[in-house]
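# Secondary and tertiary structure notes
Okay, here's what each chain looks like letter by letter:
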Amino acid sequence: MIHTVCLNPAIDQTVCLDHLAPGEVHRASAVWRDPGGKAVNVASVLADWGLPVTVHGLLGAENEASFEELFARKGIADAMVRMPGATRTNIKILETGGRTTDLNLPGFAADSAAAGAVLAGLDAVEDLVVVSGSQPDGLPPGATADLVAALAARGARVVLDVSGAPLAAALAAERLPHAIKPNRHELETYTGRKLQGREVLRVARGLQERGIALVVVSLGTDGALFVSAEGAVQARPLALATGSTVGAGDAMVAGITAGLAEGLGLADLARQATAFAAGKLRNPGPHLPPVAEVRALAGQVELRPVAEEITGG
């Protein structure tokens, strides 16, 4: 069983426009709403892949129905702690051509007791746990890092996808996650400097040598860098028709997690994670195409062994 933890879920409302012109009135061509939040998206994609998954975290009681419907439809076990109030809505304005503008609205507030209830629900967990996404207002700054450290101390392999202060706190802890997936900008924020060429590899390798078994750095149009004790490879992105990017990074996290669960080597894991992200682009919302289609995409992923320099940036 794989577990995911979403402390700050969201309902993703995607609004489609030809072109966004600030200050003007627009008529949308389409709109849809997906229950989401990064770890909810990861759970959704893992379920599409056929893996058993339980989702933990915090969920507003006032608008829980769409989440419960998703969990029931995909066979995801629901261990989320209900909170007074409503889960936030994130508005995503998707223009023809793929550019997306995000408007993240406020949601419920939480406190240390709520974080403690989430951890209590993970008391017996000793296997793979994905912790991803932001913290809701009210939680202590180190809440995510404390959760990761507690899980790692129990022997869980934690896959961490957070940014900013929560990432810095988690990487400063004595107990480190098993895998992380920052993008280049998030890694630059962590280091406090611009990273170009081989500096990305040096920072990723340094984190791996400190005890993080797998470091994956998203590089945008240049693909992603995968670093482990086996070596380092750069996966090139697949050229696909542009679709909704909502959940694409989360699909890559799901592909990484599935690869870890399946015991894949570095190269096969990199191909699978890249194929998950590419496959998600064919669907609105955090959903994979059929498994056979994703496997076919994985076979098309080009890998480049990396020893000196990372392209792009």
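The paragraphs below set out a description of the structure included in this document. (Residues numbered from 1 in each chain as written. Predicted model: local features only at pLDDT ≥ 70, side-chain atom pairs only at ≥ 80, totals over all residues. Heavy atoms only, no water.)

### Comments concerning the sheet that holds strand β2 (residues 10–17)
Reading across the sheet, the 4 strands line up as β3-β2-β6-β7 and stay open at both edges, with mixed pairing between neighbours. The outermost strands of the open sheet, each flanked by one partner alone, are β3 (30–36) and β7 (100–104). Each strand of the sheet is rotated relative to its neighbour by a mean of 20 degrees, with strand direction disregarded. With 5 bridges joining them, strand β6 (residues 88–95) and β7 adopt antiparallel strand pairing. In the sheet register, K92 faces β7, and the bridge partner there is D102. (Pairing = 2+ DSSP bridges. Helix = DSSP H or I, 4+ residues; strand = E, 2+ residues; numbered from the N terminus. Axes fitted to C-alpha atoms, helices over the stretch in contact; angles between N-to-C directions.)

### Concerning the packing of aromatic side chains
Taken as a whole and assessed by the stated rule, the structure comprises 2 aromatic pairs. On the basis of an interplanar angle of 55 degrees and a centroid distance of 6.5 Å, the ring pair of F67 and F71 is categorised as tilted. With F67 and F71 both in helix α2 (residues 65–74), this residue pair falls 4 residues apart, about one helical turn. The burial state of F67 is the same as that of F71; both residues are buried. (Phe/Tyr/Trp six-rings, centres within 6.5 Å; stacked < 30°, edge-to-face > 60°. Buried < 20%, exposed > 50% of the residue type's maximum accessible area, 1.4 Å probe, protein only.)

### What about the packing of helix α9 (residues 266–280) against helix α10 (residues 291–298)?
As a packed pair, α9 and α10 sit with axes 8 Å apart at the nearest point and diverge in direction by 120 degrees. Judged by the inter-axis angle, α9 sits oblique to α10. Note on packing geometry: the crossing formed by α9 with α10 is right-handed. Residues R271, Q272, A275, F276, A278 and G279 of α9 pack against V294, L297 and A298 of α10. Residue classes in the contact of α9 with α10 are distributed as 6 nonpolar, 2 polar and 1 charged. (Parallel < 35°, antiparallel > 145°, perpendicular 65-115°, else oblique. Left-handed = near helix turned anticlockwise from the far one by under 90°. Contact = heavy atoms within 4.5 Å. Nonpolar A, V, L, I, M, F, W, Y, C, P; charged D, E, K, R; others polar.)

### Examining the pattern of salt bridges
Scanning all chains against the criterion turns up 13 salt bridges. Note that K92 is salt-bridged to D102, the shortest N-O span being 3.6 Å. Note that K92 is positioned in strand β6 and D102 in strand β7, a separation of 10 residues in sequence. The shortest N-O distance in the salt bridge between E293 and R282 comes to 2.5 Å. Of this pair, E293 sits in helix α10 while R282 is found in the loop between α9 and α10, placing the two residues 11 residues apart along the sequence. We classify E293 as partly exposed; its relative accessible area is 28%. Three or more residues joined by partner-sharing salt bridges are found here, namely E64, E68, D78 and R82. (Salt bridge = Lys/Arg side-chain N within 4 Å of Asp/Glu carboxyl O.)

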